[in-house]
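# Coordinate analysis (summary)
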Amino acid sequence: MATLFIADLHLQTEEPAITAGFLRFLQGEARKADALYILGDLFEAWIGDDDPNPLHRDVAAAIHSLVKAGVPCYFLHGNRDFLIGKRFARESGMTLLPEEKVLDLYGRQVLIMHGDTLCTDDTGYLAFRAKVHTPWIQTLFLALPLFIRKRIAAKMRADSKAANSSKSMTIMDVNPQAVVNVMEKHAVQWLIHGHTHRPDVHALSANGMPAHRVVLGAWHREGSMVKVTPDAVELIAFPF
Ligand SMILES: [Mn+2]
């Protein structure tokens, strides 16, 4: 019995080795799992479910085949692929989750989220996030022709890269008080998230008790997953 968590694969046509590693993971380790949770930034960018990019079709088919083999797959949005919608969810067989979700894993209450909302010191990013999460702005964007959406997304990525290069490492990490606040809001002692690309297991105190924050690694040169079993919560790095 094991439930698996992954995040920050940043799949893109330009990185075929990571895609191949993910497809192998879906064929192998994931097949034995009770469920697979993808905690955001599965894709490097997403400009709409109607994007005909063949990579999206391949990934949808591979996830769907896992789901058809009896392993349910859940997805919550990252800051890169927050526009993944119902159509892609249907195509891939994934169930879309809200941005914060508490799971009962073999009796252990675990909060899952992408992690970007924990970086509250990055006020520039949070203002940007509020804008792009506004429903009418999303509706307007998705109604634009694909080539215009591509141009806007490329411009936004370049702007974000430029802004991030001048931000300190501390600003781009989670805020410790934001972590405690969200764990107390949901009354949990376990939190699993990604986004910061700083894989680690942190001990802290929340709700007046010992608590744990498990951070998934990004898939660059190796894969990263969290495996939750009835006995343990493990952060595992593995070759593609
Ligand atoms: Mn992210």
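Above this text sits the structure in question.
Residues numbered from 1 in each chain as written. Predicted model: local features only at pLDDT ≥ 70, side-chain atom pairs only at ≥ 80, totals over all residues. Heavy atoms only, no water.

## So, the pattern of salt bridges
Applied cut-off: For salt bridges, the criterion is a side-chain nitrogen of Lys or Arg within 4 Å of an Asp or Glu carboxyl oxygen. Per the convention used, a helix needs a DSSP run of H or I reaching at least four residues, while a strand needs a run of E reaching at least two, with both numbered from the N terminus.
On inspection of all chains with the given rule, the structure shows 11 salt bridges. Of the charged contacts, one joins Glu-100 and Lys-185 as a salt bridge, the two residues approaching to 2.8 Å between their closest N and O atoms. A residue pair is termed long-range when its members are at least 10 positions apart, and Glu-100 in strand S5 (residues 100–105) and Lys-185 in helix H7 (residues 176–185) qualify at 85 residues. Measuring nitrogen to oxygen at the nearest pair gives 2.9 Å for the salt bridge that ties Asp-116 to Arg-129. One end of the pair, Asp-116, is in the loop between strand S6 (108–113) and helix H4 (123–132); the other, Arg-129, is in helix H4, with 13 residues separating them in the sequence.

## Quick look at the packing of helix H1 (residues 16–27) against helix H2 (residues 54–68)
What counts is decided by this rule: Where helices are involved, their axes are fitted lines through C-alpha atoms of the stretch in contact, as for all axes, and angles between N-to-C directions lie from 0 to 180°. Put simply, angles under 35 degrees are roughly parallel, angles over 145 are roughly antiparallel, angles from 65 to 115 are roughly perpendicular, and the rest are oblique. Here a crossing is taken to be left-handed if its near helix is turned anticlockwise relative to the far helix by less than a right angle, and right-handed if that turn runs clockwise. The contact criterion used is simple: two residues touch if any of their non-hydrogen atoms lie within 4.5 Å. Polar here means any residue other than Ala, Val, Leu, Ile, Met, Phe, Trp, Tyr, Cys and Pro, which are nonpolar, and Asp, Glu, Lys and Arg, which are charged; Gly is therefore polar.
Relative to each other, H1 and H2 sit at 15 degrees, their axes nearing to 9 Å. By the criterion of interaxial angle, the relationship of H1 to H2 is roughly parallel. Crossing hand, H1 versus H2: left-handed. For the pair H1 and H2, contact is made by Thr-19, Phe-22, Leu-23 and Leu-26 and by Leu-55, Val-59, Ala-62, Ile-63 and Leu-66, respectively. In terms of residue class, the contact of H1 with H2 is made up of 8 nonpolar, 1 polar and no charged.

## A word on the environment of Trp-136
Along the chain, the position of Trp-136 falls in helix H5 (residues 135–143). With 94 residues separating them in the primary sequence, Trp-136 and Pro-230 have C-alpha atoms 43 Å apart.

## Observations regarding the sheet that holds strand S9 (residues 209–215)
Quick note on the threshold: Paired strands are those between which DSSP finds at least two bridges.
The strand order across the open sheet formed by 5 strands is S5-S6-S7-S9-S8, and the pairing between neighbours is mixed. The open sheet terminates on both sides in strands that have one partner only, identified here as S5 and strand S8 (200–206). Averaged over all adjacent pairs, the angle separating strand axes in this sheet is 25 degrees, with direction ignored. Sheet analysis places S6 next to strand S7 (residues 190–193), joined by 4 bridges and oriented parallel. Paired with Ile-112 across the strands is Ile-192, a residue of S7. In the packing of H7 onto the sheet, contacts are made with S5, S6, S7, S8 and S9, and the angle to S8 comes to roughly 65 degrees.

## A look at the coordination of the manganese ion
Cut-off, in case you're wondering: Coordination shells were defined by N, O and S atoms within 2.8 Å of each metal, extended to 3.2 Å for Na, K and Ca; water is absent from the atom set, which can make sites look incomplete. A 1.4 Å probe rolled over the protein chains alone gives each residue an accessible area, and that area as a share of the maximum for its type sets the label: buried under 20%, exposed over 50%, partly exposed in between.
For the manganese ion, the full set of protein donor atoms is Asp-41 (OD), Asn-79 (OD1), His-114 (NE2) and His-195 (ND1), at a range of 2.1 to 2.3 Å. Its relative accessible area of 18% is what places His-195 among the buried residues.

Geometric descriptors of this kind do not, in isolation, establish any biological role.
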